[in-house]
Structure formats: structure tokens, C-alpha cells
Amino acid sequence: MGGTLHPFDGHGRTRPLLRRAALLGAALLAATAAAPQASAATAAADLGPSGGGLSAVIRYTENGIPHILARDYAHLGFGTGWAQAADQACVLADGFVTVAGERSRWFGPDAATDGSLSSASRNLTSDLYFKGVREAGTVEKLLAAPAPAGPTRDLRELMRGWAAGYNAWLAQNKITDPACKGASWVRPVTAVDVAARAFAVSVIGGQGRAVDDIAAAQPPGRPPGQPPGQGASLTAGRAGDPAGDPAAAAEAARAFFDTGRYDMGSNAVAFSGSTTANGHGLLLGNPHYPWQGGRRFWQSQQTIPGELNVSGGSLLGTPVVNIGFNEKVAWSHTVATGTPVNLHQLTLDPADPTAYLVDGKPEKMTQRRVSVQVAGGSPVIRTQWWTRYGPVVTGLGPTLPLPWTTGTAYALNDPNAANLRGSDTALAFGRARDVAGIQDALKRTQGLPWVNTVAADSAGGTLFTQSQVLPRITDELAARCSTPLGRATYPASGLAVLDGARGDCALGSDPDAVQPGVFGPAKAPVLRGAPYAENSNDSAWLANAETPVTGYERIWGSLGTPRSLRTRGAVEDVSAMAARGGLTVADLQKQQFANRVPAGDLAAADAAKACAALPGGTATASDGRSVDVSAACPVLAGWDRSADTGSRGALLFDRFWRKLTASTPAKDLWLVPFSAADPVHTPRTLNQAAPGIARALADTVAELAAAGIAPDAPLGEHQFVVRGGQKLPVPGGTEALGVWNKIEAPWNAAAGGYPEVVHGSSHIQAVGWDGGRCPVARTLLTYGQSSNPDSAHYADQTRLFSQERWVTSRFCERDILTSPQLKVVWPRERR
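Quick caveat, the model's predicted, so the values are computed rather than measured.

**Topic: the overall build of the protein chain**
Now for step 1: Along the protein chain, the regular secondary structure elements total 23 helices and 34 strands.
Now for step 2: Seen through its principal axes, the protein chain has C-alpha atoms that stretch 75 × 70 × 55 Å.
Now for step 3: Split into buried and exposed, the 831 residues of the protein chain put 63% on the buried side.
Now for step 4: Look at the contacts in the protein chain between residues 6 or more apart in sequence, and 69% of them connect residues 24 or more apart.
Now for step 5: Within the structure as shown, the protein chain displays about 28600 Å² of accessible surface, and the carbon and sulfur contribution to it stands at 54%.
Now for step 6: One way to put it: in the protein chain the 74 positive side-chain charges average out to a point 5 Å from where the 70 negative ones average out.

Structural data, given as C-alpha cells:
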């Protein structure tokens with residue numbers, strides 16, 4: 001690797017270049033005792049010029065975690081881009097192909113995307129969308145906007161440096177990852193490419209979820225066409241009138257925006273000083289993200305002496321720390337329930353289906369004619385149709401069609417398509433000194449598109465806030481301007497469908513908002529200073545069950561509605577911890593791996609009783625077979641109600657519970673219904689007489705028997721990943737079970753059960769303070785730093801996760817420089 005400095009070579013001999021690294025280490029170590037920030041900067045600068053180009057010093061410690069030291073933001077971006085490329089060159093390069101709209105060129109139009117940067121079902125629709133974004137100059141326009149509407153100078157410098165660092169690594173190193181070794185699609189990038197990736201992340205909850213429907217939208221009687229022999233046709237629209245069945249439309253919208261069904265989620269909790277052993281705050285962050293592809297986290301520490309010193313996880317391709325901590329404050333994010341888009345129902349000009357009426361006057365749609373290169377064929381050319389409200393779409397998800405007829409069409413408004421501020425928010429978090437600073441950063445930058453923020457600080461403060469960028473849909477506006485479809489979808493999901501023919505139904509602006517048509521930060525749900533503040537992807541309402549958050553508009557989320565089992569279990573756990581008091585970082589670590597199954601606590605004992613009561617110990621399966629389930633009854637009764645790898649009965653209950661809840665409505669499942677007065681403990685008491693119980697038991701026992709799996713098999717024997725030929729058991733459980741340590745893995749009985757995790761616990765951090773200069777932090781990146789199977793850091797932290805072990809964070813200079821695995825790298829641009 002270019003620029004690598006090792007403490008010793010294989011024979012213990014020092015090298016001339018090593019002496020510079022040793023001098024740097026000595027200078028930094030000496031500086032730590034006095035003025036660590038300024039002296040460290042001097043030491044870094046004293047290494048010598050970088051030939052007019054960018055450079056950085058990277059100190060690697062255990063598990064390949066880089067600590068990047070630089071003199072300014074451009075150099076810091078350079079070091080970050082270099083280090084990310086060293087670990088994730090192929091994944092990053094694949095993402096840059098996506099945002100360039102070139103997947104069809106390199107991988108064929110009909111291949112499926114990995115879903116990391118949009119919900120496009122295949123490469124052609126992905127390319128049509130992203131090529132359209134590039135050809136419209138959308139990203140360049142956002143970059144050109146002055147702050148705060150556009151990115152700050154510091155962020156621009158970070159992006160410029162990141163691109164230079166990524167390119168330098170590609171130029172100076174050989175890729176060994178078989179995923180892209182020798183591939184011609186791995187190419188240098190620009191700062192615009194880096195910004196385009198940030199744009200994709202910003203709209204991933206909005207336009208990014210409607211890519212197929214944006215690409216498919218065509219006027220009635222005008223199908224998109226298909227070049228001969230390409231097999232790359234698009235659907236011109238869908239049959240059905242969504243307003244014809246309001247109940248079905250409401251359910252489709254609710255399901256589409258249900259955070260429990262996303263492949264991104266999270267838990268986070270902040271504890272105040274009143275609950276801790278030393279009066280300082282505590283934060284446990286447990287984001288649930290994909291384990292493969294371009295939405296993985298990557299861990300680092302970024303330091304500009306005297307300016308920035310932050311550690312944590314970055315989404316790949318991002319030049320900032322998105323979730324992390326510094327000397328004084330720690331924060332995490334959870335996917336929020338705010339509905340990040342709205343629809344405008346268009347009344348079309350009777351003479352022209354590509355013109356719509358606003359206050360009686362026709363307005364022509366804008367055409368975006370997009371050309372996509374296709375491997376082995378002629379370019380595919382499509383026209384996209386845009387309005388003042390956004391692109392015309394043919395639906396939201398497969399069950400909510402929005403057909404374009406001669407009289408009506410639907411346009412999607414996504415305010416995050418004008419938001420390139422998310423990285424500025426993260427950068428401001430890294431410079432914050434307390435939770436007030438976190439809140440101030442959110443007010444100034446207003447960049448978070450689809451997440452909540454939970455934070456704690458060294459003074460004992462806590463914060464929960466849902467400060468996300470949302471369309472300015474007030475309940476009053478929805479009541480006044482909703483179409484019949486909107487009157488069904490808005491109460492159910494927060495999806496407003498407004499009458500686009502009325503000028504008085506425009507979204508308007510809040511005086512404290514940095515862009516028009518969105519809520520200002522004063523309208524966001526906030527809870528400050530509570531003994532605990534927790535979120536597990538439900539709305540803000542029960543961030544603290546003793547002090548519910550209320551008073552927000554429906555678009556932010558629901559009030560007084562049933563909570564998920566994960567939320568209920570989490571609130572039970574953290575409220576008990578807060579009441580007990582005396583908390584430390586060790587208590588956060590125990591909570592992460594408690595692996596308690598709330599569904600099991602609610603239902604396993606009653607399910608075992610229902611099982612034991614079956615006549616003859618048999619039940620009828622879905623296919624009509626009679627199945628002996630008697631062996632399952634004592635296993636359910638004796639199960640420890642946890643999802644530890646050694647838990648016997650966890651797998652049996654997991655398979656049973658999924659089948660039961662998929663086939664039995666909640667109203668038939670529980671004897672005590674939901675009560676808004678007791679939302680954490682209701683609904684409860686399993687209805688042992690529910691017919692679905694016997695059927696689910698029979699189906700589960702038959703399924704396990706066919707796979708050769710005993711009912712009392714330990715969970716870890718059948719929930720695992722294989723890394724380097726080694727089978728690693730994985731603790732945790734699915735969303736349906738309500739486990740804090742969420743793990744989602746597709747069932748594959750032929751391969752042994754759950755043989756690969758697709759998403760779940762990812763960049764975990766447990767952070768506190770003890771009065772010293774260094775935060776007390778334990779971290780874990782469940783899938784490791786690198787996707788390259790040849791890397792030493794491909795599975796090292798996965799092994800730790802399997803064993804429920806942690807990495808002790810090295811934040812202060814003395815800790816970094818005394819690492820027994822310290823490796824120093826000094827990457828430089830070569831001009």
C-alpha cells in the first residue's frame with residue numbers, strides 16, 4: 001500500500017521513512033500531556049510538504065479502525081476517502097456507477113440492483129432516474145446554493161478532498177477484492193459524484209422509493225416503447241382506481257411507510273445524569289442497517305487539531321461521521337416515522353394529458369428526455385414528466401396504484417430532493433459540546449431527511465428530537481385540501497394527497513425553515529432533559545413513557561396508537577434501568593446483548609399451554625396433514641425467553657410466532673386489547689383458543705422436521721453466517737419478536753436455517769464519561785470494516801459480535817499511539 005509505515009519491518013529493522021513516523025508519534029505523545037490539539041497539528045505539518053497536493057496521517061489501531069489526522073477539511077476529506085477506498089473500493093465504485101446512471105452499461109438493464117441507493121427493481125429504471133438527475137444538473141444546482149440552503153465551505157472542501165483521496169488510493173494501489181478486481185467500471189470520481197451519492201441517500205425515503213414509478217409514468221395511450229431485442233420494457237401504468245377502495249388505499253399507504261418493514265431501523269437511548277453512577281450522561285446507539293452493499297457503516301476517527309475531533313460510523317461514500325461521539329457529547333439516529341413526501345393529484349387539461357390545471361389555467365409538464373447506455377444494445381431513451389410539484393408517478397409500491405388517465409395524474413413532492421445539507425448536520429454534531437449544541441446544529445442546518453436524533457452529554461443532559469425535513473403538511477391543510485384519496489391515506493399513514501388544481505393548497509413556508517415548503521425546526525417533536533429518551537422506530541409519542549411527547553401534526557407520526565413489540569420491550573427495559581439508577585457503560589453493554597424476546601415473555605407460556613391442551617398432542621397443518629406437536633410443548637415451556645445463540649426453544653418460537661402473526665389478526669390474538677392509557681403493556685394475554693395457534697404449531701414442527709432440525713436446537717446452530725469457511729453463530733432476533741438486538745436473516749432450511757444476515761445491528765456504540773478528558777466508549781461494527789474477503793478486517797468484528805464482545809475505543813492520542821497494533825500511513829497526492 002502506498003505510503004504505509006509499519007513500526008518495524010519483518011526483521012526488526014527501522015527504515016528512513018519510519019523515523020518520520022516515530023518522530024510524529026513522539027511529538028503527538030508529548031503533545032497529549034500539554035496542548036494536544038495545536039501541538040498535534042504542528043507535528044503533522046512538520047512531516048513536510050505534500051508536493052502541493054493533499055495528504056493526511058492515518059493511524060490504524062485494532063480491527064483496522066483508522067484515526068485520521070489532517071490540517072484542514074480538504075486534507076481530512078482526502079484521508080477519509082483514501083481510508084474508505086482501502087477497505088471498500090468495490091462497494092464504493094459500484095455506488096458511483098449507480099449515481100452516474102451507468103448500471104445498464106456495465107451490468108445489463110435487467111439485472112437487479114442491490115437496493116442500497118434506491119428501491120429500483122432493476123438497473124434500467126435506476127439508470128433512467130439517476131441519469132435524469134445528472135442531466136438536469138440537480139446536484140450541481142444544490143452545490144451552488146449558498147449556505148445554509150446549500151453546503152458550507154467546510155463540507156465542500158471535505159467532498160473535494162474525499163474524491164481526491166479515493167482517486168489517489170485507486171491510482172497507487174491494486175484492488176485485490178474479487179468483486180471488482182480488474183473491472184473497467186472502477187474509475188476516478190469528482191466532488192460532484194460524492195455529492196450525487198449524498199443526494200441519493202437524502203431522497204432514499206422519497207423519490208428513491210418511487211424510481212420504478214417515475215420511470216414508468218407515461219401519458220395515456222403513449223407507452224414508453226421498447227427498442228428491439230433489448231428486453232428492457234417498462235410498465236406504462238397500472239390498472240385500478242385507488243380512490244375506489246379507500247380502505248385498501250389507506251392500508252397500502254400505511255404498509256408503504258411502515259418503518260417496521262424497512263431494511264433500515266434502529267434503537268437508541270440516552271440516560272441523564274440523574275440515572276447514572278457518576279452524574280454524566282450515557283448513550284447506547286444500535287442502528288439496524290443492511291449488512292451488505294452501499295448502506296454499510298464504516299468506522300473512523302477524524303481529527304483536525306483545534307477544530308474537530310470526532311469518532312464513529314460513516315455511511316460509505318460519506319466524508320463525515322454520521323453517528324458518533326466526541327469528548328463531550330454522543331448521538332445516534334433512528335429511522336423516523338415522519339412521512340417524507342406528499343402527493344398532488346392533478347386535474348389534467350381535457351385537450352392535453354401532459355398539461356394540468358392550477359386555478360383554472362393550464363400548465364405544461366416539463367419533459368426530461370433521458371438516454372441510457374445498455375450493454376450489447378442501442379441506448380434506451382425515455383421521457384420523464386415533471387411538474388411544479390415534482391415528477392409524475394404511477395404508484396407508491398405495488399399495492400397503491402396511481403394511474404395516469406386522461407383526466408388525472410399524480411405528482412410526488414419530495415423536499416429532500418432540494419436537501420444536500422445532511423453532511424453539514426453531521427459535521428456540526430461533531431463540533432457540538434453538549435445536547436444544546438446538537439439541537440442548535442439541527443436548527444442551523446436542517447439537513448436530516450428521514451431520521452430522529454437521540455443524544456447525551458458529559459454534563460448529564462439528554463435529547464430526543466425528530467428534526468427531519470418534511471413537507472409542510474399541517475392537519476388543517478390536509479383537512480382543507482385533501483382529495484378523496486388523501487382523506488383515506490393521511491390519517492392512516494401521514495401521506496397527504498392534495499388537490500393540485502388549487503393554488504391555495506400550496507404548502508407555504510415557516511419563518512425558521514431554510515427551504516420553502518418544509519416545517520421549521522420549531523414544529524419538530526422534542527424531548528429535552530428526560531431521565532431517559534428512547535426510540536425504536538415508532539413515533540415520538542413514547543420517547544419517554546412517563547412524559548409522552550404530544551402536539552405534533554399527523555405527518556410527523558401517530559399518537560395514541562399501538563407500539564411495536566420492539567418499542568414496548570425497549571421502553572420496559574430502559575425505564576427499569578433508569579428507575580434502578582447507578583448506570584454505567586457496562587449496563588449499556590448488557591442491554592445490547594440481553595437478547596430478551598418481548599414476544600416470548602408475552603406469549604410463550606400461553607402457547608405452551610395451548611400446545612399441551614391439544615387432543616392427542618396433534619394439530620392440523622395448513623396443508624391438512626395431522627402433525628404430532630407434543631415434543632414442542634415442553635420446549636416452549638422451558639425456553640429462557642431469550643435469543644442468545646445457546647437458547648433452546650428460541651428457533652422454535654421464532655418460526656411459530658412468524659407463522660401465527662402472519663395468519664392471525666391482532667384482534668383475534670390477544671384477550672386484552674390495546675389501550676392508549678397503557679400502551680407499553682397492551683395488547684397482552686394470548687388467546688389460547690385462537691385457531692391459528694394449533695395450525696402455526698403444526699406448520700412449524702413439520703417445517704423443522706423436514707429440515708432435520710430438532711425443536712430444542714440451540715438458536716446459534718441455525719442462525720449464523722459463514723466467514724472464511726467458519727460458521728459464526730449470530731445472537732439476536734427479528735422485528736416480529738421485538739428483540740433490541742435486531743437481526744433479519746432469510747429462512748433457508750436447505751442451508752441450515754438462517755445462514756446469512758441481510759440487515760440488523762450494525763455500528764453499535766455505548767458511550768459515557770468519567771470526568772476525564774477521554775470519553776468511555778465501547779463500539780462494535782458487526783460486519784467489520786471491509787467487504788473484501790481477503791482483508792484481515794472482513795470478519796474480525798463479526799467474530800466479536802458472535803461472541804458478544806466489544807471493541808474498546810481509542811479516542812485520546814495516548815490511547816491511539818500506545819495501541820499494540822498501531823500502523824501509521826501517510827497517504828499523499830502524487831502530482
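Having seen the structure, we can now continue with the description.
**Section: the state of the cysteines**
Now for step 1: According to the stated counting rule, one finds four disulfides in the structure shown.
Now for step 2: Between Cys90 and Cys180 runs a disulfide, and the two sulfur atoms are separated by 1.9 Å. Torsion about the S-S bond of the Cys90 and Cys180 cystine: about -80 degrees, corresponding to left-handed handedness. Of this pair, Cys90 sits in helix α3 (residues 73-99) while Cys180 sits in the loop between α7 (153-172) and α8 (191-202), and the two are 90 residues apart along the sequence. Like Cys90, the residue Cys180 is buried in the burial classification.
Now for step 3: Across a sulfur-sulfur distance of 2.0 Å, Cys774 and Cys812 are joined as a disulfide pair. On the sign convention where negative is left-handed, the bridge of Cys774 and Cys812, at about -120 degrees about the S-S bond, is left-handed.

**Describing helix α17 (residues 598-612)**
Now for step 1: With 15 residues, α17 extends 22 Å between its outermost C-alpha atoms, agreeing within 8% with the 21 Å of an ideal straight helix rising 1.5 Å per residue.
Now for step 2: Of all the bends found along α17, the most pronounced is centred on Ala604 and spans about 40 degrees.
Now for step 3: Inspection of α17 places Pro598, Ala599, Gly600, Ala603, Ala604, Asp606, Ala607, Ala608, Ala610 and Cys611 among the buried residues, and these make up the whole buried set.
Now for step 4: Buried residues along α17 sit against α15 (565-580), α18 (632-638), α19 (650-663), β25 (670-672), β26 (684-686) and α21 (691-706).

**Regarding the packing of α7 against helix α11 (residues 422-431)**
When two helices pack together, their arrangement is given by the angle between the helix axes and the distance between those axes.
Now for step 1: It is the contact of α7 with α11, at a shortest axis distance of 10 Å, that shows an interaxial angle of 105 degrees. Here α7 lies roughly perpendicular to α11, going by the angle between them. Contact residues: α7 offers Asp154, Leu155 and Leu158, while α11 offers Ser423, Asp424, Leu427 and Arg431.
Now for step 2: Its residues placed into classes, the contact of α7 with α11 shows three nonpolar, one polar and three charged.

**A closer look at the pairing of strand β16 (residues 390-393)**
Side-chain direction in a regular strand flips from residue to residue, so the side chains alternate between the two faces of the sheet.
Now for step 1: Of the pairings in the sheet, the one linking strand β15 (residues 380-387) to β16 comprises two bridges and is antiparallel in character. In the strand pairing of β16, Trp386 is matched with Pro391.
Now for step 2: Between β15 and β16, which pair antiparallel one after the other, the connecting turn spans two residues.
Now for step 3: Pairing of β16 with strand β17 (residues 408-413), which is carried by two bridges, proceeds in the antiparallel orientation.

**With respect to the side chain of Asp127**
Now for step 1: Position of Asp127 relative to the elements: it lies in helix α5 (residues 123-135).
Now for step 2: Among buried charged residues, Asp127 stands out as having no salt bridge; its nearest opposite-charge side chain is Arg103, 5.8 Å away.
Now for step 3: Setting aside residues no more than four positions away along its own chain, Asp127 makes contact with Gly101, Glu102, Arg103, Ser104, Arg105, Gly132 and Val372.

**Some thoughts on the environment of Pro449**
Now for step 1: With respect to the secondary-structure elements, Pro449 resides in the loop between α12 (435-445) and β18 (451-457).
Now for step 2: Relative accessible area serves as the criterion here: at 10%, Pro449 is assigned to the buried category.
Now for step 3: As for Pro449 and Ile204, which are separated by 245 residues in sequence, their C-alpha atoms are 8.8 Å apart.
Now for step 4: Ignoring anything within four residues of it in the chain, the contact list for Pro449 reads Ser202, Pro340, Asn416, Asn419, Gln468 and Val469.

**As for the packing of α3 against α8**
Now for step 1: At a minimum axis distance of 10 Å, the contact between α3 and α8 shows a crossing angle of 80 degrees. Relative to α8, α3 is oriented roughly perpendicular. Along its contact with α3, which presents Val91, Leu92, Gly95, Phe96 and Val99, the element α8 presents Asp193, Val194, Ala196, Arg197 and Ala200.
Now for step 2: Residues belonging to the contact of α3 with α8 are distributed by class as follows: seven nonpolar, one polar and two charged.

**Some points on the packing of aromatic side chains**
By convention here, two paired aromatic rings are described through the distance between centres and the angle between planes.
Now for step 1: All chains considered together, the criterion is met by 22 aromatic pairs.
Now for step 2: Considering the side-chain rings of Phe653 and Phe656, the 6.0 Å spacing of their centres and the 55 degrees angle between planes classify their relative orientation as tilted. One end of the pair, Phe653, and the other, Phe656, are both in helix α19, three residues apart, so they sit about a helical turn from each other.
Now for step 3: Judged by relative accessible area, Phe653 falls into the buried class, the value being 0%.
Now for step 4: Since its relative accessible area comes to 0%, Phe656 is described here as buried.
Now for step 5: An angle of 75 degrees between the planes, with centres 4.9 Å apart, marks the rings of Trp747 and Tyr754 as edge-to-face.
Now for step 6: Chaining the aromatic ring pairs together yields one cluster made of Trp291, Phe593, Tyr783, Phe801 and Trp806.
Now for step 7: The ring of Phe256 has Arg209 lying over it, and the distance from NZ or CZ to the ring centre is 3.8 Å.
Now for step 8: Directly above the aromatic system of Trp747 lies the positively charged group of Arg655, at a separation of 4.1 Å from the ring centroid.

**Digging into the sheet that holds strand β30 (residues 759-761)**
Through backbone hydrogen bonds, the strands of a sheet pair up, either in parallel or in antiparallel fashion.
Now for step 1: The three strands are arranged β6-β30-β29 in an open sheet whose pairing can be described as antiparallel. The strands lining the two open edges of the sheet, one partner per strand, are β6 (288-290) and β29 (743-744).
Now for step 2: Pairing analysis gives two bridges linking β29 to β30, with the strands arranged antiparallel. Looking across to β30, one finds that Ile743 is bridged to Gly760.

**Some details on the environment of Leu477**
Now for step 1: Mapped onto the elements, Leu477 comes out in helix α13 (residues 475-481).
Now for step 2: Sequence-distant contacts of Leu477, that is, excluding residues within four places in its chain, are made with Arg472, Ser482, Leu498, Cys505, Ala506 and Leu507.

**Brief notes about the nonpolar core**
Now for step 1: One finds Tyr166, Phe199, Phe271, Leu396, Ile438 and Ile473 to be the most contacted residues of the largest nonpolar core, which totals 172 residues.
Now for step 2: In terms of residue count, α3 provides more of this core than any other element does, 15 residues in total.
Now for step 3: In this structure, Ile438 is in contact with Val329, Trp331, Phe429, Ala432, Thr453, Ala455 and Leu463, ignoring residues within four places of it in sequence.
Now for step 4: One finds Ala599, Ala607, Ala632 and Trp639 within the second-largest nonpolar core, a separate group that totals 45 residues.

**Some details on the pairing of β18**
Now for step 1: With respect to burial, β18 is a largely interior element, seven of its seven residues being buried.
Now for step 2: Residues Val451, Thr453, Ala455 and Asp457 of β18 are buried on one face, and the alternating residues Asn452, Val454 and Ala456, pointing to the opposite face, are buried as well.
Now for step 3: Where strand β10 (residues 329-335) and β18 come together, seven bridges link them in antiparallel fashion. Opposite Ala330, over in β18, you have Ala456 as the bridge partner.
Now for step 4: Bridge count between β18 and strand β19 (residues 462-465): four bridges; the pairing is antiparallel. Its bridge partner lying in β19, Thr453 is registered against Thr465.
Now for step 5: Count of turn residues in the β18/β19 antiparallel hairpin: four residues, of which Gly460 carries a positive phi of about 100 degrees.

**Examining the side chain of Ser314**
Now for step 1: Mapped onto the elements, Ser314 comes out in strand β8 (residues 308-315).
Now for step 2: Apart from residues lying up to four places away in sequence, Ser314 is in contact with Gln84, Arg296, Phe297, Trp298, Val320, Val321 and Asn322.

**Notes on the sheet that holds strand β4 (residues 267-271)**
Now for step 1: Read from one edge of the open sheet, six strands run β22-β4-β5-β31-β32-β33, paired in antiparallel fashion. Two strands close off the open sheet at either side, each with one partner strand: β22 (532-535) and β33 (807-808).
Now for step 2: As defined by bridge partners, strand β32 (residues 776-781) adjoins β33 across two bridges and the pair is classed as antiparallel. Bridging across to β33, Thr779 finds its partner in Val807.
Now for step 3: In this fold α15 packs onto β4 and β22, with an angle of close to 165 degrees to the strand it touches most, β22.

Thresholds applied
- Residues numbered from 1 in each chain as written.
- Predicted model: local features only at pLDDT ≥ 70, side-chain atom pairs only at ≥ 80, totals over all residues.
- Heavy atoms only, no water.
- Helix = DSSP H or I, 4+ residues; strand = E, 2+ residues; numbered from the N terminus.
- Buried < 20%, exposed > 50% of the residue type's maximum accessible area, 1.4 Å probe, protein only.
- Contact = heavy atoms within 4.5 Å.
- Areas by Shrake-Rupley, 256 points an atom, 1.4 Å probe, with all protein chains shown as cover.
- Lys, Arg positive; Asp, Glu negative; His and termini not counted.
- Charge placed at Lys NZ, Arg CZ, Asp CG, Glu CD.
- Disulfide = S-S within 2.5 Å.
- Expected span 1.5 Å × (residues − 1).
- Bend = angle between axes of the 7 residues up to and from the residue.
- Axes fitted to C-alpha atoms, helices over the stretch in contact; angles between N-to-C directions.
- Parallel < 35°, antiparallel > 145°, perpendicular 65-115°, else oblique.
- Nonpolar A, V, L, I, M, F, W, Y, C, P; charged D, E, K, R; others polar.
- Pairing = 2+ DSSP bridges.
- Salt bridge = Lys/Arg side-chain N within 4 Å of Asp/Glu carboxyl O.
- Phe/Tyr/Trp six-rings, centres within 6.5 Å; stacked < 30°, edge-to-face > 60°.
- Lys NZ or Arg CZ within 6 Å of the ring centre and 35° of its normal.
- Core = buried A, V, L, I, M, F, W, Y, C linked by side-chain atoms within 4.5 Å.

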